[in-house]
Amino acid sequence: MTDVEHLLRELAPQVLAALVRRYGGFDTCEDAVQEALLAASQQWPAEGVPDHPKGWLITTASRRRIEQWRSETARQRREETVALAEPPGKEPVSGVDDTLTLLLLCCHPSLTPPSQVALTLRAVGGLTTAEIARAFLVPEATIGQRISRAKQKLKGERLTRDVSAERLAAVLQVLYLIFTEGHTASSGDALSRVELTTEAIRLVRQLHAELPDDGEAAGLLALMLLTEARRPARVDATGALVPLADQDRTRWNRAFVDEGVALITKALATAPVGPYQLQAAIAAVHDEAATADETDWAEILTLYDLLRVVAPGPMVTLNRAVAFAQVHGPEAGLAELSELAKDPAIANHHRVDAIRAHLLELSGDPAGAREAYLAAARRTLSLPEQAYLQSRAAKLET
């Protein structure tokens, strides 16, 4: 990404928020901003970035918005007169960042989670519809329809700085979903999608800057950094998946590890404990271990016990089963897994079979492990995961 592209992506949500605040109408303002961003992407590389790039974009987008008004009804023309009373060039170019304001709007409770994710990536992240479609491996028309429907639902909604617990939770969840899909793509031939993890981290950084005392915003940023730190070691030279225990830890991003550990240490000491903080604490225990054998699994199990109380769910219980097996042995882990497999919400998830396979292998049942690895491979849509699971099964052939 060039410097101009990075600047435009950073300024896009601030410019959109400024227009929505002034004129209302998310959909028409978003169209105007997209035109301004296109103009800037064509002019700035050749003519140079203006002294006040945010003001330039606001002025250009405002002019596009006013041009749209000129073709509307008489009522809308009266609104144009009011808008023109203050020339768009007078728009303040202060350093106020409206990213949080726009995030709150994009995560409006009237929208479905897929629409919240798509609209956030488009309006706040600055990704094109085509980029979002490629990231989630769905047709561009599908993403376009989601964004269009979301903008229509937001007609008449105004920007707000009222960060209720419910709205902030929705924002954090959307950013978490974006990062999770980027870290391990749910389908396709790529293990991860760096454009999504990078964008999620960028947006959470801005959210944390706006809400420095919120423990969960800090926890989510720490979780993302501690997880993303391992990405360079997650595949080998051939592109094959490398499990955490076998990764070359010298390839981990130590700057991300140090920043993540500092963030979660402070958050746990100064804010009420929440699920993102606990997940970050678990990631920190993994990342601070010099080798896989030095991992403090007892501490991880304790943290999962807390997480199961704070935010119970089948995936939490599944991950806890792994820690339980590390502390109490593979047979004990298999017993935990058998109970969990009765939950229809997760019984058919490929990770249940993958973990069962690993524990059967440790307990001395290679035939059972092989069958479980193959079952897991059949259930995942991720090609790198399929290849890894099939390779583990092949090593157990007699």
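Residues numbered from 1 in each chain as written. Predicted model: local features only at pLDDT ≥ 70, side-chain atom pairs only at ≥ 80, totals over all residues. Heavy atoms only, no water.

**Q** I'm lost on the packing of helix H18 (residues 366–379) against helix H19 (residues 383–395) in this one. Help?
**A** Relative placement of two packed helices is described by the angle separating their axes and the distance separating the axes. Where H18 meets H19, the axes come as close as 8 Å, and the angle between the chain directions of the two elements is 165°. In terms of axis orientation, H18 runs roughly antiparallel to H19. Here the hand of the crossing between H18 and H19 comes out left-handed. Every residue of H19 that contacts H18 at Arg370, Tyr373, Leu374, Ala376 and Ala377 is listed here: Gln386, Leu389, Gln390, Arg392 and Ala393. The residue inventory of the contact of H18 with H19, partitioned by class, reads six nonpolar, two polar and two charged. (Axes fitted to C-alpha atoms, helices over the stretch in contact; angles between N-to-C directions. Helix = DSSP H or I, 4+ residues; strand = E, 2+ residues; numbered from the N terminus. Parallel < 35°, antiparallel > 145°, perpendicular 65-115°, else oblique. Left-handed = near helix turned anticlockwise from the far one by under 90°. Contact = heavy atoms within 4.5 Å. Nonpolar A, V, L, I, M, F, W, Y, C, P; charged D, E, K, R; others polar.)

**Q** Teacher, can you tell me more about the environment of Phe136 here?
**A** Residue position: Phe136 is located in helix H7 (residues 129–136). Using a relative accessible area of 22% as the deciding quantity, one classes Phe136 as partly exposed. C-alpha separation for the pair Phe136 and Gly188, spaced 52 residues apart in sequence, amounts to 9.1 Å. What Phe136 contacts, discounting residues up to four positions off in sequence, is Val117, Leu121, Glu181 and Leu196. (Buried < 20%, exposed > 50% of the residue type's maximum accessible area, 1.4 Å probe, protein only.)

**Q** In this structure, what is going on with the packing of aromatic side chains? I would like to understand it.
**A** For any pair of aromatic rings, geometry is given as the distance between the ring centres together with the angle between the planes. A complete count under the given rule lists two aromatic pairs for this structure. Residues Tyr176 and Tyr276 carry aromatic rings whose centres are separated by 5.5 Å and whose planes lie at 55° to one another, so their mutual orientation is tilted. Of the two residues, Tyr176 is situated in helix H9 (residues 165–183) and Tyr276 in helix H13 (residues 275–288); the sequence distance between them amounts to 100 residues. (Phe/Tyr/Trp six-rings, centres within 6.5 Å; stacked < 30°, edge-to-face > 60°.)

**Q** Would you take a moment to explain the layout of surface pockets for this structure?
**A** Empty space among the atoms can be located by rolling a probe the size of a water molecule over them. Estimates place the volume of the second largest pocket at around 400 Å³. In terms of lining residues, the second largest pocket is bounded by 14 residues, among which Leu8, Leu37, Ser41, Gly126 and Thr128 are the most central. Those elements that provide at least two residues to the lining of the second largest pocket are helix H1 (3–23) and helix H2 (26–47). Looking at the lining of the second largest pocket, the element that brings in the most residues is H2, giving five residues. The class makeup of the residues in the lining of the second largest pocket is five nonpolar, four polar and five charged. (1 Å grid on protein atoms, 1.4 Å probe; cavity = no way out; pocket = protein on both sides within 12 Å on 5 of 7 lines; lining within 4 Å. Points joined across faces, edges and corners; volume = space filled by probe spheres on them.)

**Q** Explain empty space enclosed by the protein to me, please; I cannot follow it from the model alone.
**A** This structure, assessed with the given rule, holds one cavity of 30 Å³ or more. Approximately 30 Å³ is the volume found for the largest cavity. Put simply, the parts of the chain that give the lining of the largest cavity at least two residues each are H1, H2 and helix H6 (113–124). For the lining of the largest cavity, the element with the most residues is H2, which contributes four residues.

**Q** How should the packing of H6 against helix H8 (residues 140–153) be read in this particular structure?
**A** Running from amino to carboxyl end, H6 crosses H8 at an angle of 95°, the nearest separation of the two axes being 9 Å. Considered as vectors, H6 and H8 are oriented roughly perpendicular to each other. Residues Pro114, Ser115, Ala118, Leu119 and Arg122 of H6 pack against Arg146, Ile147, Ala150 and Lys151 of H8. A per-class count over the contact of H6 with H8 returns five nonpolar, one polar and three charged.

**Q** Would you mind showing me how to read the state of the cysteines here?
**A** The term disulfide refers to a covalent linkage connecting the sulfur atoms of a pair of cysteines. For the coordinates displayed, the defined rule picks out zero disulfides. As a non-bridged cysteine, Cys29 has Cys106 as the owner of its nearest cysteine sulfur, 13 Å distant. Judged by its relative accessible area of 0%, Cys29 falls in the buried class. Cys106 supplies the cysteine sulfur nearest to Cys107, a cysteine that is in no disulfide, at a spacing of 6.5 Å. (Disulfide = S-S within 2.5 Å.)

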